[in-house]
Each structure stands twice: as C-alpha cells, then as structure tokens.
Amino acid sequence: MSARTPVSGQRPSSVRTAFVPGSRLRGWVERFGAGHGGFLVRDDDDGLRLLADDGAEALLQAPWPNDGRPGRGADALERLASLTSQPRRLGLLLVRRGGYGVAVASEGLVLASKVGSTYVQSRTAAGGQSQQRFARRRSNQADALVETVAEQTLRVFSSESFEYVVPGGDRALAGFVLEHPALSDYSKFPRLAYLDVPDPRAAVLKKAAADACAVRIQVTDAPP
C-alpha cells in the first residue's frame, strides 16, 4: 500500500510544497534524510523521488527542462542542483481578481517588473435580473482587467529577453491574458509550472521570481 493511501479510519498523509534553490538542495536533502531515517532515490518520469525509511516521500522537480543544457554532477541530485543553478530568464505573469504582477526574472532576481491593483467582484448566489446585471458587471470588470494586464505585460516582457513564461494566480485569468492578441508572440513561449500565489504585490512577485528558479519539492509525510 502506498504511503499516500490512507487505511480506513486513518487521516490522509499531509502534503506540502517547498521551493529550494539549487545551491541549497544538497543541504535540504541531507536534512530530509536525517529527519526520516534515510532514504532511497528513484528517478521517475516526473522528477526525482526520495523514498524515506519511515514512509515519507519527497518529489523533486527541476524548474525547467534541460533543453540540451543538462546539469553536471556525479549523481542525479547533483545534476538536478546544477540544472537549477543555470541562469535562465523567465517571464512571470501573476494575476488574480485583486491585482497583477508581471516580471522578467533570472537566477531568482527580478530584472524588470510592474505590479498593480484591480478589482473583479466575487460571484453571488442571487438570482433573477439582479443576478444577470451582476454577471454582466463582473464580466465587464474581468474584460477590463485582462486588457489592463495584457498592456502592462507587453511593456515588461518587451523590455527584456527571456525564454519561458511562468503563469500564476488565477488560472483562467492568466490564460485569458496570454491569449490576448497583444501577446501573440509570447503565447508561443514554453510555459513552466503554474505558481499558486495570493493577490500579487511587490513582495509576492519577488518571492515568485525566486520560487520559479528553484527546485519544486512536494513532500508527503508518513502515514499517521
């Protein structure tokens, strides 16, 4: 039975996500092993999986594909750390109903950026004509948000070169922005893993830039 499959009556194992820079990966792995009694490494299609002696698991995923530039090292962990430490440029697009953040980042640092506040009303359970008026108003607000963010994204993205797009926040809104005709050139760029972020502010955008250039680690604790 997998560590992720709860026995009847048991609580499911907790799962959490961490982002670790390539330069700190070895230390994180050593602490994971010390805290869980050692582990085995399995190289899966979706990343490196650390199988701990106590039943915990950690899935380690590179922030980007090697694209002909693989990491160097004597083992899979060293190669993953090396790949993650490569200086690659990313275009970040974070958008939610309450705001947006756009940046070009490299090595975890923001090179160019723009953040802004917006507002799109939440859904309501009201019915009838009030519901219809509300839906139209909400749709208009969302359309205006997409227009605004697309305009600002074009300004930031065109100021620096990069090779991947990193969407985050509200998946639907981010998708609508990237489909905007003004961003037709950038919609063709490879997209990296989606980032789950709160309403984008300067601090949120700064952290997202660091996370997008780090190893994504999903830890599943041992069954209780």
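Anything mentioned here points back to the structure above.
Here goes a summary of the coordinates provided. (Residues numbered from 1 in each chain as written. Predicted model: local features only at pLDDT ≥ 70, side-chain atom pairs only at ≥ 80, totals over all residues. Heavy atoms only, no water.)

### Looking at helix H1 (residues 25–36)
Line of reasoning, step 1. With 12 residues, H1 extends 17 Å from end C-alpha to end C-alpha; this agrees with the ideal 16 Å at 1.5 Å per step.
Line of reasoning, step 2. Taken residue by residue, H1 has Leu25, Trp28, Val29, Phe32, Gly33 and His36 as its buried positions. On an axial view of H1, the arc spanned by its buried residues comes to 135°, and they lie on one face. Turned more than 90 degrees away from the buried face of H1 sit Glu30, Arg31, Ala34 and Gly35, all of them exposed.
Line of reasoning, step 3. Contacts from the buried residues of H1 go to strand E1 (15–20), strand E2 (39–44), strand E3 (47–52), strand E4 (57–61), helix H2 (76–84) and strand E9 (215–220).
Line of reasoning, step 4. Looking one or two residues beyond H1, the residue adopting positive phi is Gly37, at roughly 80°. (Helix = DSSP H or I, 4+ residues; strand = E, 2+ residues; numbered from the N terminus. Expected span 1.5 Å × (residues − 1). Buried < 20%, exposed > 50% of the residue type's maximum accessible area, 1.4 Å probe, protein only. Arc of directions from axis to C-beta. Contact = heavy atoms within 4.5 Å.)

### As for the side chain of Thr153
Line of reasoning, step 1. Here Thr153 lies in helix H3 (residues 128–157).
Line of reasoning, step 2. For Thr153, a relative accessible area of 0% corresponds to the buried category.
Line of reasoning, step 3. Ignoring anything within four residues of it in the chain, the contact list for Thr153 reads Leu93, Val102, Val177 and Leu183.

### Observations concerning the packing of aromatic side chains
Line of reasoning, step 1. By the definition in use, this model includes 7 aromatic pairs.
Line of reasoning, step 2. Measuring from centroid to centroid gives 5.3 Å for Phe157 and Tyr186, while their planes differ by 65°, and the two rings are edge-to-face. Remark: Tyr186 occurs in the loop between helix H4 (171–178) and helix H5 (202–212) and Phe157 occurs in helix H3; sequence separation between them is 29 residues. Grouping residues by exposure puts Phe157 and Tyr186 together as buried.
Line of reasoning, step 3. Taking 5.2 Å as the distance between ring centres and 55° as the angle between the ring planes, the aromatic pair formed by Phe162 and Phe189 counts as tilted. (Phe/Tyr/Trp six-rings, centres within 6.5 Å; stacked < 30°, edge-to-face > 60°.)

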